[in-house]
Amino acid sequence: SVSVSTLLLPVSPHHRGAPANAQIVHSGAACNVKDDNISERIYTIKEGDTLVLQCIVKGHPRPQVRWTKTAGSASDKFQETSIYNETLRIEGIQRVQGGRYYCKADNGVGVAAIKSIRVDVQYLDTPVLTVHQTISDVRGSYYQEKTVFLRCTVNSNPPARFIWKRGNVLIEQSKDNGVDIYEPLYTQGETKVLKLKNLRPKDFADYTCQVSVRNVCNIEDKSITFRLTNATSPPMIRLSVNDTVVVDPGQDVLLTCEVTAGFPQPNVTWTRYPGPLPLSALVRESTLILRAVTPADAGFYNCTAVNNVGNPARKNVNLVVRSNNLTFQITPDSNKDSETIQMGRDLKLSCHVDATPQEKVNYTWYKNGAPVYNSETLILLRSDPDMAPGTSSLEIVDMKFRDLATYSCVANFPGSRVPELRVDVNISQSSVSPPVLSVPPGGQIVSVREGGNVELVCLVADGKPRPPILWSRIEKDLLMPSGRPIVETPDGRLRLRNVSRDMMGAYRCQTAPYNGLNIKRREAQVQLNVQYPPILDPVFQDVRSRNYQMVTLRCTVLRSNPPRLTDIRWFRNGDFIRMPMPDLKEVPELKFKLEPTNNGSYECRVSNSAGTSTCTFNVTAQPYNAEFYFDTPNPVRILKGNNYSYTLQWTQRDPEATDRIIGYWVNVRKNKQNLLSKQIDLKGKEPEKGVLMSHTISDLRIPLSYEVRLAPITTYSTGDYVSRIIQYSEHHVCGFEDERICGFSQDRSDVFDWTRQNHLTQNPKRSANTGPETDRSGTKEGYYMYIEASRPRVKGDKARLLSPLFNVSSNRGPKGSGRVPYCVSFYYHMKGKHIGTLNVLLRVRSIASVDSVIWTKSGHQGPDWKKAFFDISPSGPFQIVFEGIRGPSFEGDIAIDDVSITIGKCKQENTVANAGKTGKIECDIFLCVERSINNQRNTKKHLLFCPSHLCLCWLIQRNRNEAGNMILGGL
């Protein structure tokens, strides 16, 4: 049976909504956590490890937690948006992610709580060793001094310590006059230079630069070795092509970078500027191959040879890919502001090819098919200074009737496979006239529904030759829907697909300055009007009210195009509400008296010619949910029997919003079966906002967990149930719910650490086929400890979790023994095809600590939590060590929960043998009571001494059925 007692706490400040309080704790792979001089916590972690910061919050209602970060460097961006979660987890943390992290907890009561912690990411890169030589004359030509500088550079945090070795011998400047060791100025990173003065024969040797951060975060030392010989020399290279290579589109390009000198053998790499190498690029040793090049492949290609001696050798190739876009212009006499061809005035014809390089293009002019040569009336310009670079022009001076003809511009590319390009321009008084740009009637404003297709039209109604039309947005800095600032259309028709409202606005169409007369541009405007259904507020609203009170629902139209509304209709639970036609110019509004019969879902459907939008209101007199108190204490054990009680605490959200709350339904369930369903009568005392209410649930069985459901009751209705899981725990049972993990600690001599986690803090990208979904009790909030088998873990990596030290030196065991027995019990979860091994070790402290395996399991053990327990009789102070060993791959997470270490032997009702236990198993004889169909009898279970891994238990049961037969049962 389960009983409930009720207590409505008095109104007092500390029982009202409590402001948020926050504390940052860690449970990841921290190297060290300390306080600096300004009392800020510093979290030191190794690069590549997992950062886990948890914001432990208190307060009621439960605070919302937000993590933010200030940059650790100018280039650092942690997140575009904040992270809303109590636990911040960063897998494989990088150095740029160091910095100050802030946890902000806010629940709307008082001032938000803010805590910060500085994360210091420790790392040590492999050093880079380069060699530089100088040769200088000394005392004329008597002899030469050859000096070598070995420069060692590394990036690290904290600063690295450098050690130089010649062979395996440490180089000490004080003991060798032929060397100097110093730190140069103005260098990037940390650098040490070893100077070898006037090389001696013994200086030709292997030199090692070893860097160390003194094993901080278990970062091992790193080193690099260089062999100095009398053949050591910097790299030299030469290219198989000239500095500039001009090719045709579709042609293959072969660039070879030949190493002509350098020892050790230089390493050759190819890069490109701007941008990376083309996807089609193929690098074979020192040769770069580009297949079927396009104009997009043009650029500077760089060959670099490096052997860490002297400076790298570099050579550049400018790859030019020809283009074939030919345009022309007809320019009337610019000095007279003319826009037509007139006799007696000058005329210029221009021809331009978008080619690279321009100097590789040859232009030839023809008049009626005959070549044109310079004369007093016809002037050829190879590169017209008044035009775009590379433009060729033909000027006709003081135009006469003899100059009316067909002129041709021919562009060719010597040494190229690109065919010549030609344009013909007929010059006569009737063949050349200024363009007239117009928008068709009704086309100045074009309307289209959002998501549809549309065509904007600007036509050249007159003019010869007809130029193309260029489209752009009139609004400053707005791009065309294609993402470009200008779009060319040959026929003046701009086609837009899947139109959105951000495309709405004014568009400019204008004549292009090429392929026609080069005169003042003609332009016009077209307004694009994108129609869309009304945008309403609110989209959804939960409305609570007392019965028999007036309720007003408003659906505000924020924007609409067209703005004129065509219809407003109200619905309740899908049925149309008949009412006078509302004024379409007013805010849609519905007023009614709320009654038990008209609770439900209300919709306001607002339409224009583009479509219909809806405001939805959930209108009810049902009370809001209760809110469980965030800091509810642990269950309290009742001394009599094997029972415990639980104090359930909560507040009522907005109790005055609906009818008076007269009580609560409380349900206690186990395995979804109701054990108790009872109404709690508040006896006329109404709940107050922020005031705690309390109910004590008793007669709960140890160690079972229960689901408790709670719902408020009014005169007319019952609110929705909220539920929570309650579970009994004693001080010696560690469920890892506290960040201090009950005094357990990580073993610093292992490879990696156990991680504290619950369902809410799990990485959403975690391996799906391994590890538990929840803790042993099945709650999302409950914590457990587990080992993460994903990278960077490898097979055989070990993680050890140490229990607190138990001092048993002064205790004595039962009569006849000299040792005190202890019962060790825990739950384990070993799901996954790559599960390694879970060992439990007994570490007895003496002159030298001794570890012995007392329990072990390996391999997949199924998807459920399983319980293990056994007795130990240590000879002195001891610790229990949980050792997780990573299996062959990443689906090998192992977890433990609810660890108990208690004095005395394990209860015999739980002595089903543990297959992982080693040695003999001792079974006792005990009495049990079983209920038969007809009566109740005492039954003896005889438990025998058995070999390892198996304990046979024979149940001899003496019971008579109606036929008087004897029954022999067995297990």
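Residues numbered from 1 in each chain as written. Predicted model: local features only at pLDDT ≥ 70, side-chain atom pairs only at ≥ 80, totals over all residues. Heavy atoms only, no water.

The name recorded for the protein chain in an unreviewed UniProt entry is MAM domain containing glycosylphosphatidylinositol anchor 1, from Acanthochromis polyacanthus. Per UniProt, the protein chain carries the Subcellular location (unreviewed entry) text "Cell membrane". (UniProt positions renumbered as here; feature names shortened; annotations may be inferred.)

J.: Mind showing me how you'd approach the overall build of the protein chain here?
T.: Helix and strand content of the protein chain: zero helices and 74 strands. Out of the 971 residues belonging to the protein chain, those deemed buried represent 45%. For the protein chain, restricting intrachain contacts to residue pairs at least 6 apart in sequence, the fraction spanning at least 24 positions comes to 68%. (Helix = DSSP H or I, 4+ residues; strand = E, 2+ residues; numbered from the N terminus. Buried < 20%, exposed > 50% of the residue type's maximum accessible area, 1.4 Å probe, protein only. Contact = heavy atoms within 4.5 Å.)

J.: Looking at this structure, I do not really get the environment of K222. What am I missing?
T.: Structurally, K222 can be placed in strand β18 (residues 222-227). Considered as a pair, K222 and L124 are 98 residues apart in the sequence and their alpha carbons are 7.8 Å apart. With sequence-adjacent residues up to four places away left out, K222 is seen in contact with L124, D125, T126, P127, C209, Q210 and V211. A polar atom in the side chain of K222 sits 2.7 Å from the backbone oxygen of L124. (Polar contact = N/O pair within 3.5 Å; in protein donor to acceptor, adjacent residues only side chain to side chain.)

J.: So what exactly am I meant to see when it comes to the pattern of salt bridges here?
T.: Note that side chains of opposite charge can pair when their charged atoms are close. Under the defined criterion, the tally for this structure stands at 39 salt bridges. In this structure, the salt-bridge partner of E455 is R493, at a minimum N-O distance of 3.1 Å. Of this pair, E455 sits in strand β37 (residues 454-457) while R493 sits in strand β41 (residues 493-496), and the two are 38 residues apart along the sequence. Overall, the relative accessible area of 32% leaves E455 in the partly exposed class. (Salt bridge = Lys/Arg side-chain N within 4 Å of Asp/Glu carboxyl O.)

J.: Explanation requested: the state of the cysteines in the structure shown.
T.: Linking two cysteines covalently through their sulfur atoms gives a disulfide. All told, the structure shown has seven disulfides when counted by the stated rule. Residue C152 pairs covalently with C209 via a disulfide, S to S 2.0 Å. On the sign convention where negative is left-handed, the bridge of C152 and C209, at about -85° about the S-S bond, is left-handed. Within this pair, whereas C152 is found in strand β11 (residues 143-154), its partner C209 is found in strand β17 (residues 206-212), the two being separated by 57 residues in sequence. Per residue, the accessibility class of C152 equals that of C209, and both read buried. Linked covalently through their sulfurs, C458 and C509 form a disulfide whose S-S length is 1.8 Å. Taking the sign of the S-S torsion, -50° for the link of C458 and C509, the bridge is left-handed. (Disulfide = S-S within 2.5 Å.)

J.: I would appreciate a short explanation of the confidence of the model for the protein chain in the present structure.
T.: A low pLDDT score tells you not to read the predicted coordinates there in detail. Confidence in the prediction for the protein chain averages 81 pLDDT; 82% of positions are at 70 or higher. For the protein chain, strand β72 (residues 926-931) is the element with the lowest average pLDDT, namely 28, and β18 is the one with the highest, namely 96. Counting interchain partners and residues more than four positions distant, the pLDDT-below-50 stretch residues 136-144 has seven contacts. Here residues 909-971 is modelled with pLDDT under 50, and outside its nearest four sequence neighbours on either side it reaches 90 contacts, counting other chains as well. (pLDDT = per-residue confidence, 0-100.)

J.: I would appreciate a short explanation of the sheet that holds strand β28 (residues 347-353) in the present structure.
T.: Strands belonging to one sheet form pairs held by backbone hydrogen bonds; the direction of such a pair is parallel or antiparallel. Taking strand neighbours across the sheet as the criterion, the five strands line up as β31-β32-β28-β27-β43 in an open arrangement whose pairing is mixed. With partners counted over all chains shown, the strands left at the sheet margins are β31 (378-381) and β43 (516-517), one partner each. (Pairing = 2+ DSSP bridges.)

J.: So what exactly am I meant to see when it comes to the sheet that holds β18 here?
T.: The sheet built from four strands is open, its strands ordered β14-β13-β17-β18 with antiparallel pairing. Edge strands, defined here as strands with exactly one partner in the open sheet, are β14 (169-170) and β18. Strand direction decides the pairing type here: β17 and β18, joined by six bridges, are antiparallel. Paired with Q210 across the two strands is S223, which belongs to β18.

J.: What exactly am I supposed to notice about the packing of aromatic side chains here?
T.: As enumerated under the stated definition, the model contains 13 aromatic pairs in all. Between F736 and F744, the ring centres sit 5.7 Å apart and the planes meet at 70°, which makes this aromatic pair edge-to-face. Considered together, F736 and F744 belong to a single accessibility category, that of buried residues. One cation-aromatic arrangement involves R95 over Y123; the distance from NZ or CZ to the ring centre is 3.7 Å. Note that R756 overlies the ring of Y783, its terminal NZ or CZ placed 3.6 Å from the centroid. (Phe/Tyr/Trp six-rings, centres within 6.5 Å; stacked < 30°, edge-to-face > 60°. Lys NZ or Arg CZ within 6 Å of the ring centre and 35° of its normal.)

J.: What's the story with the side chain of D203 in this structure? I'm lost.
T.: Within the fold, D203 resides in the loop between β16 (190-196) and β17. Given a relative accessible area of 0%, D203 falls into the buried group. At 3.2 Å, the side chain of D203 and the side chain of R166 are in polar contact. In this structure, D203 is in contact with R166, L196 and L228, ignoring residues within four places of it in sequence.

J.: Hey, could you run me through unusual backbone geometry in this one?
T.: What you tend to see is this: most non-glycine residues have negative phi, and most peptide bonds are trans. Put simply, K464 and P465 share a cis peptide bond, and its omega is -20°. Looking at the secondary structure, you find P465 in the loop between β38 (459-464) and β39 (469-473). The peptide bond linking R791 to P792 adopts the cis configuration, its omega dihedral lying at 10°. Within the secondary structure, P792 sits in the loop between β64 (784-787) and β65 (798-802). Within the chain, C217 stands out as a residue other than glycine whose phi angle is a positive 55°. When you line up the elements, C217 lands in the loop between β17 and β18. Here C217 falls in the buried class, since its relative accessible area comes to 12%. Unusually for a residue other than glycine, D398 sits at a positive phi of about 50°. Tracing the backbone through its elements, the reader meets D398 in the loop between β32 (392-396) and β33 (405-412). Relative accessible area serves as the criterion here: at 32%, D398 is assigned to the partly exposed category.

J.: Sorry if this is basic, but what is going on with the pairing of strand β52 (residues 611-620) here?
T.: In summary, the side chains of a regular strand alternate between the two faces of the sheet. Of all 10 residues in β52, seven are buried; the element is thus mostly enclosed. The sheet contact formed by strand β45 (residues 540-544) and β52 spans five bridges and is parallel. Bridging across to β52, D542 finds its partner in N618. One ladder, built from nine bridges, connects strand β51 (residues 600-608) with β52; its direction is antiparallel. In the sheet register, Y602 faces β52, and the bridge partner there is F617.

J.: I'm lost on the nonpolar core in this one. Help?
T.: The nonpolar side chains of soluble globular proteins are, as a tendency, buried together. One finds F826, I880 and F882 to be the most contacted residues of the largest nonpolar core, which totals 33 residues. Among the elements that make up this core, the one with the highest residue count is strand β66 (residues 822-830) (five residues). Apart from residues no more than four positions distant in its own chain, I880 is found in contact with L801, L802, S803, V824, V840, L841, L842, I854, I872 and I901. Judged by nonpolar contacts, the second largest core, of 29 residues, contains V353, I396, A405 and Y407. (Core = buried A, V, L, I, M, F, W, Y, C linked by side-chain atoms within 4.5 Å.)

J.: Is there a simple way to think about the side chain of S825 in this case?
T.: Its place among the elements puts S825 in strand β66. A relative accessible area of 11% places S825 in the buried class. In this view, S825 contacts K867, A868, F869, D898, V899 and S900; residues no more than four positions away in its chain are not counted.

J.: I'm lost on the environment of P159 in this one. Help?
T.: Residue position: P159 is located in the loop between β12 (156-157) and β13 (161-166). Overall, P159 belongs to the exposed group, its relative accessible area being 54%. Remark: the alpha-carbon pair of P159 and S212, spanning 53 residues in sequence, is separated by 8.6 Å. Setting aside residues up to four positions removed in sequence, P159 forms contacts with E190, S212, V213 and R214.

J.: Can you walk me through the environment of D403 in this structure?
T.: Examined against the element boundaries, D403 turns out to sit in the loop between β32 and β33. On a C-alpha basis, the gap between D403 and I427 in space is 8.1 Å, while along the polypeptide they are 24 residues apart. With residues near it in sequence (within four places) discarded, D403 still touches K367, I396 and D398.

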